Amino acid sequence: MITRQRLAAGVCALLAALTAGIAFPTGAVADETAEQAAPKVELVLDVSGSMRARDIDGGSRMSAAKQAFNDVLDATPEEVQLGIRTLGANYRGNDRKTGCKDTAQLYPVGTLDRTEAKTAVATLTPTGWTPIGPALLKAAGDLDGGNGTRRIVLISDGEDTCQPLDPCEVAREIAAKGIGLTIDTLGLVPDAKTRDQLSCIADATGGTYTSIQHKEELTDRVGQLVERAADPVVTPVAVEGATACTSAPTLKSGLYTDREEFGQHRYYRVDVKPGQELRASVSVAADREVNPDYGVLLRAVTVHGREIVRGEAAGNGRTDVVSTGLRYPKAESDDENAPAETVCLQVSNSFSAASGVKTTPGMPVELTVDVVDGPDQASDVASFGLGRGWWLLGALVLTGFLAGVLWGWVSRLRIAVWRTN
């Protein structure tokens, strides 16, 4: 029994040692992100006439919004630069052209003076139109500049009344600029049209939509979104892929955003030195209605067009994000001065727009590139396409072999002792 326990302990120790070597491989880690500018948030409040309705916990929608703003202003983190913009707050007339220009910055984005901001909010009275599209364009300008987190929080109780400037298209145009600005929306009315429009605005920029029916929900959700802006994030860099590898931009490790039209191919170049491993992933967001049965393909090819490795994913018609990735380790070289290999990343899709759906701007693309130290002796791409998976397989085979030999030796020893007795 003691011999068997020692044997089991030895096998476990061997397996643990091998596993530790696999689980903690040596290699470079991604570079730390540079110090970022202060996060910026602008609260965009609908102050149109419909905000007078008294259907939130017995009070008006406007009073619920004011209370939420006061609570949020008290709890805003010191490092967050916050501003407030209104829409429909000043023009009481019936001229649509004038009403659709009614958006103003109530409190500028910057270091927060809580008393001054609360005083400005207290003066608001539900008044006019609902120019959501123009307000979003102005808010994006308010947050322009810097590389920190930028977030718009839109609170509204109805559809935009200033068509044909579709606020959903405005949100897509903002996202297409690649400035890393997120729009979160909160709807104060459980109306299907309002919900669809606000959801579309949020989806276009990677934000969230929340339906609000109570004061506490509004306060909690706005507070969460403001606090979220203070969380450290990697700001994506806008890049424009090319239609051919020869003219593609050269990327380093980082997070990038682009736009890709339906059925389009986009190329990017990455330099991989001997002994390094390229890890890349891509996500394409179907931010509008598309036909079912589509896919996304990410290929690593040589400058001459020969495929090295690929990753692919398929979808079935839902409006969501499709992602895939790949890894390519380049073998070490005996020549210390060996040049880096230029690898071309090709991103393509098989999406097609549903009837009546606009195809421009293209769909949002997020590309992650990471070039790190590769596995030791990565001489064969096929063998090391699974990273260190082959090491794991070899370790398990070796462990099984040793365990079998030791177990057979112990069994023979026990039989010999039994015969002697």
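It should be noted that the structure appears before, not after, this text.
As the structure is a computational prediction, the values presented were derived from the model and not from experiment.

Student: Summarise the overall build of the protein; cite the residues concerned and give the values.
Tutor: For the protein, the helix and strand inventory stands at 10 helices and 16 strands. Within the protein, the fraction of its 421 residues that count as buried is 45%. Considering only residue pairs separated by 6 or more positions, the protein has 76% of its internal contacts joining residues 24 or more positions apart. Split by element, the accessible area of the protein, about 21300 Å² in all, is 52% carbon and sulfur.

Student: Break down the state of the cysteines for me, citing the residues and quoting the values.
Tutor: Counting across every chain of the model gives three disulfides. Here Cys100 is linked by a disulfide to Cys162, with a sulfur-sulfur distance of 2.0 Å. One quick way to see it: the torsion about the S-S bond of Cys100 and Cys162 is about -100°, and its sign makes the bridge left-handed. Highlighted residues: Cys100 in the loop between helix H3 (96-99) and strand E3 (103-110) and Cys162 in the loop between strand E4 (150-156) and helix H6 (167-176), separated in sequence by 62 residues. Bridging Cys168 to Cys200, the disulfide has an S-S length of 1.6 Å. Across the S-S bond of Cys168 and Cys200 the torsion is about -45°, and the bridge reads as left-handed. Taken together, the residues span a long stretch of sequence, with Cys168 in helix H6 and Cys200 in helix H7 (residues 192-204) at a distance of 32 residues. Cys200 matches Cys168 in its accessibility class, with the two residues each being buried.

Student: Describe the packing of helix H2 (residues 61-75) against helix H8 (residues 215-229), naming the residues involved and giving the relevant values.
Tutor: Contact pair H2 / H8: the axes reach a minimum separation of 9 Å and the direction vectors enclose 35°. Considering only the axes of H2 and H8, their crossing is right-handed. Residues Ala64, Ala65, Ala68, Asp71, Val72 and Ala75 of H2 form the contact with H8, whose own contacting residues are Lys215, Leu218, Thr219, Val222, Gly223, Val226 and Glu227.

Student: Could you give an account of the sheet that holds strand E8 (residues 250-251), naming the residues involved and the relevant values?
Tutor: With respect to topology, five strands assemble into an open sheet ordered E8-E10-E15-E12-E13, the strand pairing being mixed. Both outer strands of the open sheet, E8 and strand E13 (307-315), are each paired with one neighbouring strand and no more. In terms of strand pairing, strand E10 (residues 265-272) meets strand E15 (residues 341-349) through eight bridges, oriented antiparallel. Looking at the pairing, Tyr268 lines up with Leu345 of E15.

Student: Could you give me a rundown of the nonpolar core, with the residues and numbers involved?
Tutor: By size, the foremost hydrophobic cluster in this structure holds 32 residues, and its most contacted members are Leu43, Leu45, Ile155, Leu186, Leu218 and Val226. Listed by contribution, the elements that provide at least two residues to this core are strand E1 (40-46), H2, strand E2 (81-87), helix H4 (114-122), E4 and H8. Broken down by element, the residue count for this core peaks at seven residues, all from H2. With sequence-adjacent residues up to four places away left out, Val226 is seen in contact with Val41, Leu43, Val72, Thr76, Pro77, Val80 and Leu82.

Student: Outline the environment of Ala75, listing residues and values.
Tutor: For Ala75, the location among the structural elements is in helix H2. C-alpha separation for the pair Ala75 and Gly223, spaced 148 residues apart in sequence, amounts to 7.4 Å.

Student: Any chance you could break down a negative patch on the surface for me, citing the residues and the numbers?
Tutor: The grouping of Asp57, Glu216, Glu217 and Asp220 at the surface amounts to a negative patch. The class for Asp220 is partly exposed, based on a relative accessible area of 45%.

Student: Now, about the pairing of strand E12 (residues 294-301): what can you tell me, with residues and values included?
Tutor: Here E12 lies mainly inside the structure; eight of its eight residues are buried. Inspection of the sheet shows E12 paired to E13 by eight bridges, in the antiparallel sense. Within E13, the position partnered with Arg299 by the bridge is Arg310. Note that E12 and E15 share six bridges and pair antiparallel. Across the sheet, the residue bridging to Val296 is Asn349, located in E15.

Student: Requested: an account of H7, with residues and values cited.
Tutor: Between its terminal C-alpha atoms H7 stretches 18 Å, which fits the 18 Å expected from 13 residues at 1.5 Å a residue. Buried within H7 are the following residues: Thr194, Gln197, Leu198, Ser199, Cys200, Ile201, Ala202 and Ala204. Where H7 is buried, its residues contact helix H5 (132-142), E4, H6, strand E5 (181-187), strand E6 (209-211) and strand E9 (254-260). Of the residues one or two after H7, Gly206 is the one with positive phi, at around 75°.

Student: Explain the pairing of strand E16 (residues 363-373) residue by residue, including any values.
Tutor: Direction of pairing for E9 relative to E16: antiparallel, over a ladder of seven bridges. Note that in E16 the partner of Tyr256 across the bridge is Leu367.

Student: Help me get a handle on the sheet that holds E6, residues and values and all.
Tutor: Spatially, six strands are ordered E3-E2-E1-E4-E5-E6 in an open sheet, and the strand pairing comes out mixed. Every interior strand has two partners, whereas the edge strands, E3 and E6, have only one. The average undirected angle you get between the axes of adjacent strands in this sheet is 15°. Looking at chain direction, E4 and E5 are connected through seven bridges and run parallel. Paired with Ser156 across the strands is Gly187, a residue of E5. Across the sheet, H2 lies against E1, E2 and E4, angled at about 165° from E1, the strand it touches most.

About the thresholds
Residues numbered from 1 in each chain as written. Predicted model: local features only at pLDDT ≥ 70, side-chain atom pairs only at ≥ 80, totals over all residues. Heavy atoms only, no water. Helix = DSSP H or I, 4+ residues; strand = E, 2+ residues; numbered from the N terminus. Buried < 20%, exposed > 50% of the residue type's maximum accessible area, 1.4 Å probe, protein only. Contact = heavy atoms within 4.5 Å. Areas by Shrake-Rupley, 256 points an atom, 1.4 Å probe, with all protein chains shown as cover. Disulfide = S-S within 2.5 Å. Axes fitted to C-alpha atoms, helices over the stretch in contact; angles between N-to-C directions. Left-handed = near helix turned anticlockwise from the far one by under 90°. Pairing = 2+ DSSP bridges. Core = buried A, V, L, I, M, F, W, Y, C linked by side-chain atoms within 4.5 Å. Patch = residues over 30% accessible without salt bridge, like charges linked within 9 Å, V, L, I, M, F, W, Y side chains within 5 Å. Salt bridge = Lys/Arg side-chain N within 4 Å of Asp/Glu carboxyl O. Lys, Arg positive; Asp, Glu negative; His and termini not counted. Charge placed at Lys NZ, Arg CZ, Asp CG, Glu CD. Expected span 1.5 Å × (residues − 1).

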